[in-house]
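# Structural features, examined
Read off the chains here:
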Amino acid sequence: LIRSAQASLDQLFLAVGSSGYCVLLANQKGIPVERRSAAGDDATFQRWGLWTGNVWSEQVEGTNGIGTCLAESRALTIHLDQHFHSRNTLLSCTTAPVYDHEGQLAGALDVSSCRADLTEGVLHLIATAVGDAARRIEAEAFRLAYPQARIMLLPVADTTALIAVDRHDLVIGATRTARAMLDLPPGPISRPIFARDLYDAPERPAVPALADAERSALQ
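Here is a short report on the structure shown in this document. (Residues numbered from 1 in each chain as written. Predicted model: local features only at pLDDT ≥ 70, side-chain atom pairs only at ≥ 80, totals over all residues. Heavy atoms only, no water.)

### What to know about the pairing of strand β7 (residues 162-165)
- Burial along β7 is two-sided: L162 and A164 and I163 and V165, pointing in opposite directions, are all buried.
- Relative to β7, strand β6 (residues 150-153) runs antiparallel, the two sharing four bridges. Residue pairing for β7: R150 is matched across the bridge by V165.
- As judged from the three bridges shared by β7 and strand β8 (residues 171-174), these two strands associate in the antiparallel manner. By the bridge assignment, A164 is partnered in β8 with G173.
- Hairpin connection from β7 to β8: five residues lie between these consecutive antiparallel strands, with D169 at a positive phi of about 70°. (Buried < 20%, exposed > 50% of the residue type's maximum accessible area, 1.4 Å probe, protein only. Helix = DSSP H or I, 4+ residues; strand = E, 2+ residues; numbered from the N terminus. Pairing = 2+ DSSP bridges.)

### Quick notes on the side chain of N27
- In this fold, N27 is placed in strand β1 (residues 21-27).
- Here K29 takes part through its backbone nitrogen, which lies 3.0 Å from a polar atom of the side chain of N27.
- Filtering out sequence-adjacent residues up to four positions away, N27 remains in contact with V33, L70, A106 and G107. (Polar contact = N/O pair within 3.5 Å; in protein donor to acceptor, adjacent residues only side chain to side chain. Contact = heavy atoms within 4.5 Å.)

### Here we look at the pattern of salt bridges
- Per the stated rule, a full pass over the model turns up eight salt bridges.
- Notably, a salt bridge pairs E61 with R87, separated by 3.1 Å at the nearest N-O pair. Here the residue E61 occupies a position in helix α3 (residues 58-61), and R87 occupies one in the loop between β3 (76-79) and β4 (92-99), the gap between them amounting to 26 residues.
- With a shortest N-O distance of 2.7 Å, R135 and E138 are connected by a salt bridge. Residue R135 and its partner E138 are both found in helix α5 (residues 120-145); the two are separated by three residues, about one turn of the helix.
- Take E138: its relative accessible area is 8%, and that puts it in the buried class. (Salt bridge = Lys/Arg side-chain N within 4 Å of Asp/Glu carboxyl O.)

### Let's talk about the sheet that holds β3
- Taken in spatial order, the five strands of this open sheet run β2-β1-β5-β4-β3, and their pairing is antiparallel. Two strands lie at the open edges of the sheet, namely β2 (32-36) and β3, each paired on one side alone. Shown here is a sheet whose adjacent strand axes are inclined to one another by a mean of 20°, direction ignored.
- In the sheet, β1 pairs with strand β5 (residues 105-113) via seven bridges, with the strands oriented antiparallel. (Axes fitted to C-alpha atoms, helices over the stretch in contact; angles between N-to-C directions.)

### Brief notes about the nonpolar core
- Counting residues in hydrophobic clusters, the biggest one holds 18 residues, and the most contacted among them are L9, L12, Y21, V23, L109, V111 and V130.
- Breaking this core down by element, the ones donating at least two residues are α1 (2-16), β1, β4, β5 and α5.
- A total of six residues in this core trace back to one element, the largest contributor, which is α5.
- Apart from residues lying up to four places away in sequence, L12 is in contact with V23, L109, V111, A129, V130 and A133. (Core = buried A, V, L, I, M, F, W, Y, C linked by side-chain atoms within 4.5 Å.)

Now the structure itself:
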């Protein structure tokens, strides 16, 4: 997960780091394992516990961005006094779950700030950036997990609907988004699925034209 996240963490930090934000990647136990912040802000974020090795699980810290995101398996923002502990009520945390190559919850990506002037519009933009970065991490982790397989995109507009196909044309892996479309549970794929059936089936929707793909990306 750490290896897969490097480029996305750097890109996300470039987008928000100069405005006083800290970027954290936590494992499934709510412990940050990677982080990014400006050197001038490090002392502040370390004092607030936004540092690798600290525990941000909901069991330990109550309602907070990382812990509650992992507990509820959904993207969210915990803003100021929405935190459970009073010592955390100056924090604003926007977090998205990150899933592994088998569609199981692997961790959380978080952007946190101690700024008091955050508006709803800014928080919405940050949430979008965090969600996009989390999906990029999942896609990279998926590719690394199946280095010998062909990685294919399902014929839908969602660019995270990836499958891994072996030399026998069998689907051996699928991202969480692809599993939702194929009605597959998390974990190893137990039933044989031929990739050609996913692309040649007459009932499948047509591959979107470039204009449709652009419109989907903009939305």
